[in-house]
Amino acid sequence: DLEPEDRPINYLIENYIKVPVDIKISGHTHFERIAFRDNVLQLNPGSSNFPHLLSTRLGTVALLKLEPGVINAEVLPLGDTPDRPNPGTRLSYDRS
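Everything numeric in this text was worked out from a predicted model, so none of it was measured. (Residues numbered from 1 in each chain as written. Predicted model: local features only at pLDDT ≥ 70, side-chain atom pairs only at ≥ 80, totals over all residues. Heavy atoms only, no water.)

**Q** Honestly, the side chain of Ser26 in this entry has me stumped. Any pointers?
**A** Tracing the chain through its elements places Ser26 in the loop between β1 (23-25) and β2 (32-37). With relative accessibility at 10%, the residue Ser26 sits in the buried group. A distance of 3.4 Å separates polar atoms of two side chains, one belonging to Ser26 and the other to Lys24. (Helix = DSSP H or I, 4+ residues; strand = E, 2+ residues; numbered from the N terminus. Buried < 20%, exposed > 50% of the residue type's maximum accessible area, 1.4 Å probe, protein only. Polar contact = N/O pair within 3.5 Å; in protein donor to acceptor, adjacent residues only side chain to side chain.)

**Q** Help me out: how do you make sense of the environment of His28 in this one?
**A** Here His28 shows up in the loop between β1 and β2. Here His28 falls in the exposed class, since its relative accessible area comes to 65%. Taking the C-alpha atoms as reference, His28 lies 7.7 Å from Gly46; in sequence the two are 18 residues apart.

**Q** Explain the packing of aromatic side chains to me, please; I cannot follow it from the model alone.
**A** Each aromatic ring pair is described using two quantities: the centre-to-centre distance and the angle formed by the ring planes. The tally for this structure, following the rule as stated, stands at 2 aromatic pairs. Between Tyr11 and Tyr16, the ring centres sit 6.2 Å apart and the planes meet at 65°, which makes this aromatic pair edge-to-face. For Tyr11, a relative accessible area of 35% corresponds to the partly exposed category. You can call Tyr16 partly exposed: its relative accessible area is 34%. (Phe/Tyr/Trp six-rings, centres within 6.5 Å; stacked < 30°, edge-to-face > 60°.)

**Q** Mind showing me how you'd approach helix α1 (residues 9-17) here?
**A** Three or four residues apart is the spacing at which side chains of an α-helix point the same way, because the helix has 3.6 residues per turn. Taken as a whole, α1 has its buried residues at Ile9, Leu12 and Ile13. In an axial view of α1, the angular spread of the buried residues amounts to 95°, which keeps them on one side of the axis. In α1, the exposed positions angled more than 90 degrees off the buried face are occupied by Asn10 and Glu14. Downstream of α1 by a residue or two, Lys18 has a phi angle that is positive, lying close to 75°. (Arc of directions from axis to C-beta.)

Below you can see the structure in the form of structure tokens.
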């Protein structure tokens with residue numbers, strides 16, 4: 001269980017991941033997140049259809065682009081469902 005995501009990176013790696021990583025992608029929380037802590041990029045896309053544990057509605061997805069020396073991550077809201085606004089937030093990380 002990688003939740004809560006704000007636990008120390010070393011704790012998460014030692015107890016769950018077991019190998020050094022540069023990027024940690026997780027989900028299950030239904031909350032979008034991009035954070036760079038202790039030289040590890042944390043990416044959680046949120047939820048595409050049940051964001052922030054609210055009723056079914058459009059939510060968020062994540063895009064990750066990797067090239068030599070480049071990491072780009074984005075979380076993008078998918079739009080709004082009629083009468084149910086999307087609570088998701090656009091987030092981005094760019095290491096060029």
